[in-house]
Amino acid sequence: RRYRHLVSVRLGDFWTASITEAQVVFVFLLDRHMLRLESKLKRECRPGTRVVSYAFELPGRKVSQQTDLLFRYDF
């Protein structure tokens, strides 16, 4: 509860929404979308942005941390 004011959750079309201001991006996409996702992340993420993916890895990207089905990447 004490961190709620620091978090913003947005509902919308991920492919057209801007994520340039995000510090952390959480994604739950199917494996077939991960390559397209990586292109968007490379274009829009600032250095230091953390990306957490549930269940599927980003192809060709080094995992910073892995716990069960969560994969964390630092951009």
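For the structure, see preceding data.
Rules behind the numbers
- Residues numbered from 1 in each chain as written.
- Predicted model: local features only at pLDDT ≥ 70, side-chain atom pairs only at ≥ 80, totals over all residues.
- Heavy atoms only, no water.
- Pairing = 2+ DSSP bridges.
- Helix = DSSP H or I, 4+ residues; strand = E, 2+ residues; numbered from the N terminus.
- Axes fitted to C-alpha atoms, helices over the stretch in contact; angles between N-to-C directions.
- Salt bridge = Lys/Arg side-chain N within 4 Å of Asp/Glu carboxyl O.
- Buried < 20%, exposed > 50% of the residue type's maximum accessible area, 1.4 Å probe, protein only.

Topic: the sheet that holds strand S2 (residues 50-54)
- Spatially, four strands are ordered S1-S2-S4-S3 in an open sheet, and the strand pairing comes out mixed. For this open sheet the edge positions go to strand S1 (24-27) and strand S3 (65-67), each flanked by a neighbour on one side alone. Taking each pair of neighbouring strands and ignoring which way they run, the sheet shows an average axis angle of 15°.
- Direction of pairing for S3 relative to strand S4 (residues 70-74): antiparallel, over a ladder of three bridges. Paired with Thr67 across the two strands is Leu70, which belongs to S4.

Focus: the pattern of salt bridges
- Counted by the stated rule, this structure contains four salt bridges.
- Between Asp74 and Arg50 there is a salt bridge, and its shortest N-O distance comes to 3.8 Å. Highlighted residues: Asp74 in strand S4 and Arg50 in strand S2, separated in sequence by 24 residues.
- Of the residues examined, Arg50 reaches a relative accessible area of 42% and is grouped as partly exposed.
- We note a salt bridge from Asp74 to Arg72, for which the minimum N-O separation is 3.0 Å.
- Residues participating in the shared-partner salt-bridge network are Arg50, Arg72 and Asp74.

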